[in-house]
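Inside the fold
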Amino acid sequence: MSSDKKNSIWLSFQFVVKLVFALFALKINLENFGNELFGTWLLFASIWGFSSTLDFGFATSIVKFVAEHKEDEVKVSKILSSSILVFICLGFLIFSAGFVIGYLLYISNDEIIQLGQKSFFINVFLLLGIAFNLQYLTFFFKAVIEGLSKFVISSRIIILESIIYLAGVGIIYYLSMPILYLSILYIIIFTISLLIYLYVFFFRIKKYLIRLSFFDLKEVKRVLSFSMSVQAMSIFHALIDPLIKYVIGVHYTIALVPAYEIARRFAISISGLFFNAFKIILPKASALKSDSNKIDFVKNEVVNYCKYGIIYSGVSFGILALPISLLIKIVFGNEEAILVFLILALPESINNFGFSIYNFLLGIGKVNFLALIQLNNLIFVVVGIYLGFILLNNPLGLLGYFFSVILANVALLLYLQRQINISIAKLFLTKDMTKLITLVVLMSVTMIFYHLGTFDYWILFSSLSLVSLLIFIKDAKTIYQKILGPYLKFFPN
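Just so it is clear, the model here is predicted, and its values are computed rather than measured.

1. Quick word on the nonpolar core
With 156 residues, the main nonpolar core has Leu182, Ile357, Phe360, Leu361, Leu398 and Phe428 as its most contacted residues. At 18 residues, helix α12 (residues 335-363) tops the list of elements feeding residues into this core. Excluding its chain neighbours within four sequence positions, the residues that come into contact with Phe360 are Ile281, Ala285, Leu288, Lys294, Phe297, Val298, Val302 and Leu416.

2. Regarding the packing of aromatic side chains
Taken as a whole and judged by the stated rule, the model has 29 aromatic pairs. Note on Phe278 and Tyr308: the rings are 6.0 Å apart at their centroids and 35° apart in plane angle, and the pair reads as tilted. Of the two residues, Phe278 is situated in the loop between α8 (256-277) and α9 (281-286) and Tyr308 in helix α10 (residues 291-319); the sequence distance between them amounts to 30 residues. A single burial state applies to Phe278 and to Tyr308, both of which are buried. A ring pair is formed by Tyr457 and Phe461, whose centres lie 4.9 Å apart and whose planes are at 40°; its orientation type is tilted. Linking Tyr457 with Phe461, this pair stays in helix α17 (residues 457-490), spanning four residues, or about one helical turn. Phe461 sits in the buried class, given a relative accessible area of 1%.

3. Considerations on the confidence of the model for the protein
Of the residues in the protein, 92% have a pLDDT of 70 or more, and the chain-wide mean is 82. When the elements of the protein are averaged for pLDDT, helix α15 (residues 424-428) gives the smallest value, 71, and helix α5 (residues 151-174) the largest, 92. With pLDDT under 50 throughout, residues 486-493 is counted as low confidence; its partners more than four residues away or in other chains account for twelve contacts.

4. Overview of the environment of Phe341
Among the structural elements, Phe341 can be located in helix α12. Using a relative accessible area of 2% as the deciding quantity, one classes Phe341 as buried. Each C-alpha atom, one on Phe341 and one on Glu261, is 9.6 Å from the other, the two residues being 80 residues apart in sequence. Discounting chain neighbours no more than four positions away, the residues touching Phe341 are Ala263, Phe266, Ala267, Ile270, Phe317, Ile324 and Ile328.

5. Examining the side chain of Ser155
As for its placement among the helices and strands, Ser155 is situated in helix α5. The class of Ser155 is buried, set by a relative accessible area of 0%.

6. Remarks on the side chain of Ser271
Tracing the backbone shows Ser271 in helix α8. Residue classification places Ser271 among the buried residues on the basis of a relative accessible area of 1%. In this structure the side chain of Ser271 is engaged in a polar contact, spanning 2.8 Å, whose partner is the side chain of Glu348.

7. Some details on unusual backbone geometry
Residue Ser149 is not a glycine yet carries a positive backbone phi of 60°. Looking at the secondary structure, you find Ser149 in the loop between α4 (118-147) and α5. A relative accessible area of 24% places Ser149 in the partly exposed class. Here the phi dihedral of Ser176 falls at roughly 55°; this positive angle occurs in a residue that is not glycine. Within the secondary structure, Ser176 sits in the loop between α5 and α6 (180-205).

8. Points about a nonpolar patch on the surface
A grouping of Leu372, Leu375, Ile379, Val383, Tyr386, Leu387, Ile390, Leu391 and Leu392 is seen on the molecular surface, where their side chains present a nonpolar patch of about 810 Å² in accessible area. Along the chain, Tyr386 falls in helix α13 (residues 367-392).

So, how was this worked out
- Residues numbered from 1 in each chain as written.
- Predicted model: local features only at pLDDT ≥ 70, side-chain atom pairs only at ≥ 80, totals over all residues.
- Heavy atoms only, no water.
- Core = buried A, V, L, I, M, F, W, Y, C linked by side-chain atoms within 4.5 Å.
- Buried < 20%, exposed > 50% of the residue type's maximum accessible area, 1.4 Å probe, protein only.
- Helix = DSSP H or I, 4+ residues; strand = E, 2+ residues; numbered from the N terminus.
- Contact = heavy atoms within 4.5 Å.
- Phe/Tyr/Trp six-rings, centres within 6.5 Å; stacked < 30°, edge-to-face > 60°.
- pLDDT = per-residue confidence, 0-100.
- Polar contact = N/O pair within 3.5 Å; in protein donor to acceptor, adjacent residues only side chain to side chain.
- Patch = residues over 30% accessible without salt bridge, like charges linked within 9 Å, V, L, I, M, F, W, Y side chains within 5 Å.
- Areas by Shrake-Rupley, 256 points an atom, 1.4 Å probe, with all protein chains shown as cover.
- Salt bridge = Lys/Arg side-chain N within 4 Å of Asp/Glu carboxyl O.

Below, the structure written as structure tokens:
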């Protein structure tokens with residue numbers, strides 16, 4: 001069993017476990033604390049959740065630079081010794097800013113927190129802030145481990161976090177403990193995770209040192225020059241969802257936002273599983289030295305990863321279209337969410353193809369170009385959706401997102417061709433690309449007919465699933481036999 005397959009399966013397994021356990025925990029918490037109390041807790045947690053994304057690109061940068069220099073122990077030790085000090089300082093600054101923002105927005109707001117509850121919720125918020133700092137430090141050591149392509153270790157730790165969280169939530173529910181203990185649970189989880197990461201770093205990896213004497217300002221500047229662009233990429237990407245909701249609410253109707261949120265969660269979770277499984281691309285691409293190695297990597301690996309993305313889209317958004325839409329229909333009872341899911345499945349199917357190219361370019365340091373791509377994508381998404389709702393005045397206005405993603409992925413392909421000086425047509429315009437185009441056409445036809453109400457729901461989605469099955473079944477079976485088949489025998493051990 002190759003390490004790549006093992007890493008990908010563990011990353012996928014970790015993603016599914018975390019998602020499923022989080023849904024169970026959410027249900028238990030809502031029953032235990034009720035919508036209002038738990039909703040208030042979520043407001044506080046969301047501040048620290050957003051703060052955890054503000055690492056100024058350091059985590060991604062550490063993955064890249066550790067992978068790039070992993071054979072040079074002194075070099076990596078200098079990078080880590082310099083970066084961890086910046087990480088600690090950033091964590092303290094973000095904690096301070098987060099507490100001030102949370103106090104001004106929520107704690108001091110009498111409409112959210114009543115006067116008699118303020119001291120209690122200040123304690124809740126502070127405990128969540130402590131948990132944030134612990135989690136923030138785990139990001140550093142997790143990045144080191146992933147830079148060494150040891151994704152099995154980080155996946156197991158995340159699975160352990162999910163198990164402890166669900167068990168803790170169950171205990172809190174069973175003993176009827178106050179919501180303060182939910183914040184304490186987070187501290188326990190991230191303390192355990194940090195201790196495990198420290199053990200792995202100092203006693204399992206052992207080859208790198210973190211010492212004050214290794215601090216090098218040049219390394220800080222080098223990492224910062226790369227990481228700031230990475231942070232810009234993250235911010236531009238993170239802004240897409242709230243801006244889409246804003247455009248929907250202002251230029252169409254606020255009533256569509258719940259349907260969009262339901263559909264987005266399904267579409268993003270499906271793509272997120274693929275993205276998580278192939279995080280292995282970043283450290284592998286970062287380790288490439290010569291131009292010939294990069295060309296070989298694109299020809300032999302990136303092309304295959306893109307093919308996997310097409311097949312994954314065919315299975316998830318094509319073959320499984322009927323059961324997924326049926327799940328949305330039964331659980332949420334929102335017919336409009338099914339239509340929006342089809343619309344969002346179109347750009348996500350393209351993103352599953354382009355994800356590998358994006359991460360390859362990130363790995364070889366083309367971060368400024370990718371930041372520009374994300375900025376352009378953000379602008380085109382907002383403008384495209386705005387024009388879509390003005391012209392169509394119905395949910396199909398969201399198709400502006402799809403056209404923006406197509407432009408972004410075409411730009412990625414053209415830039416890749418320029419970097420490796422090989423015809424993109426020869427590498428990517430194969431029968432697999434024809435299958436992706438066919439899938440997009442099938443989903444588009446289904447989407448239009450569903451919107452118009454031309455055909456019965458069962459006929460439309462059964463047809464989409466059946467035709468997709470005929471197109472992708474052979475490829476799906478081959479991928480299963482090559483990747484999953486051998487590993488499933490190994491996995492229980």
